[in-house]
Amino acid sequence: MMRVGMGYDVHRLCTGRKLILGGVEIPFEKGLLGHSDADVLLHAVMDALLGAAALGDIGSHFPDTDPKYRGISSIRLLEHVGQLLDENGYVIENIDATIIAQRPKMRPYIDQMRENIAVSLKIETEQVSVKATTEEGLGFTGTGEGISSQAVCALEKYTNYSSADVTDLAKGCGGCCPHRQK
């Protein structure tokens, strides 16, 4: 069964913090404010994955009130989400994410972001799309107050087929075809 999820995250830009997106430290005069490393891209991806699997959201798994998550790398959190998906019988089909920021330019870092996400989730880089856009100077991202990200994903749920008729499975049928209803 195919399942689709979407995620969104936003953090304020501030001085004195590193800018980390997709697990990549990007040279910039400001970073994102948050309890963890505030990686909005990975937070949106995690929420999309958890949502598609109906496993809650990142706030329920990694509450910002828990000191053990203070300053934690979101790559570590993403790896944990990948384990949760595995434990619950989900396989990632694809992830498509967009970073929304006026500055800095993201293009030089996108390939590494894609690779970081793929490695963390044990999937192929070709299954991960990361894009970036500005808001033409409009809104809080356009004025440089913050950065946001959106992500969608598709998961496939694998179930136990041990009770299915083996001859039907060999024919590529799990019992849903018209010849089974005769």
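See the structure shown above.
Conventions we followed
- Here the residue numbering is sequential within each chain, running from 1 through the sequence in written order.
- Thresholds applied to this predicted model are a pLDDT of at least 70 for local features of residues and 80 or more for the giving and counting of side-chain atom pairs; totals over whole chains, interfaces and linings are not thresholded and use all residues.
- Excluding hydrogens and water, the side-chain values take into account all heavy atoms of the structure.
- What makes two strands pair is DSSP finding at least two bridges between them.
- In DSSP terms, a helix is any run of H or I states spanning at least four residues, a strand is any run of E spanning at least two, and both are numbered starting from the N terminus.
- Buried residues of nine kinds, namely Ala, Val, Leu, Ile, Met, Phe, Trp, Tyr and Cys, make up a nonpolar core once their side-chain atoms join them within 4.5 Å.
- Each residue is placed in one exposure class: buried if its accessible area under a 1.4 Å probe, protein chains only, is under 20% of its type's maximum, exposed if it is over 50%, and partly exposed if it falls in between.
- Any pair of residues with heavy atoms lying within 4.5 Å of one another is described as a contacting pair.
- Fitted lines through C-alpha atoms serve as axes, helices being fitted only where they are in contact, and the angles separating the N-to-C directions of these axes extend from 0 to 180 degrees.
- Excluding any residue in a salt bridge, patches collect residues exceeding 30% relative accessible area, merging like charges within 9 Å and nonpolar Val, Leu, Ile, Met, Phe, Trp and Tyr side chains within 5 Å.
- Calculation of accessible area relied on Shrake-Rupley with a 1.4 Å probe; when residues are assessed, cover is drawn exclusively from the protein chains displayed.
- By convention in these notes, a salt bridge is any Lys or Arg side-chain nitrogen within 4 Å of a carboxyl oxygen on Asp or Glu.

J.: Is there a simple way to explain the pairing of strand S6 (residues 128-133) in this structure?
T.: As paired elements, strand S5 (residues 90-100) and S6 share 6 bridges and run parallel to each other. Note on S6: the bridge partner recorded for Ile-95 is Val-128.

J.: Got a minute to help me understand the nonpolar core in this structure?
T.: Side chains of a nonpolar character, in soluble globular proteins, are inclined to be buried together. Within the largest apolar cluster, 47 residues are counted, with the highest numbers of intra-cluster contacts made by Leu-21, Leu-49, Met-113 and Ile-117. Within the residue set of this core, elements represented by two or more residues are strand S2 (19-21), strand S3 (24-26), helix H1 (40-52), helix H3 (74-87), S5, helix H4 (107-121), S6 and strand S7 (146-157). Counting residues per element, this core draws most heavily on H1, which supplies 10 residues. For Ile-117, the contacting residues outside a window of four places in its chain are Leu-41, Leu-42, Val-45, Leu-78, Ile-95, Val-128 and Val-130.

J.: Please clarify how the sheet that holds strand S1 (residues 2-14) should be interpreted in this entry.
T.: To summarise the sheet geometry, strands pair through backbone hydrogen bonds and adopt either a parallel or an antiparallel arrangement. Pairing in this open sheet of 5 strands is mixed, and the strands run S4-S1-S7-S5-S6 from one edge to the other. Lying at the two open borders of the sheet, with one neighbouring strand each, are strand S4 (31-32) and S6. Pairing of S5 with S7, which is carried by 10 bridges, proceeds in the antiparallel orientation. Directly across from Asp-96, in S7, lies its bridge partner Val-152. Most of the contacts of H1 go to S1, to which it runs at about 155°, and overall it touches S1, S4, S5, S6 and S7.

J.: What is the right way to read a nonpolar patch on the surface from this model?
T.: On the surface, a cluster of nonpolar side chains totalling about 430 Å² of accessible area is made up of Met-6, Tyr-8, Val-10, Phe-140 and Val-152. With 3 residues, S1 is the single largest residue contributor to the nonpolar patch. Along the chain, the position of Val-152 falls in strand S7. Using a relative accessible area of 38% as the deciding quantity, one classes Val-152 as partly exposed.

Limitation: the analysis is restricted to geometry and does not speak to function.
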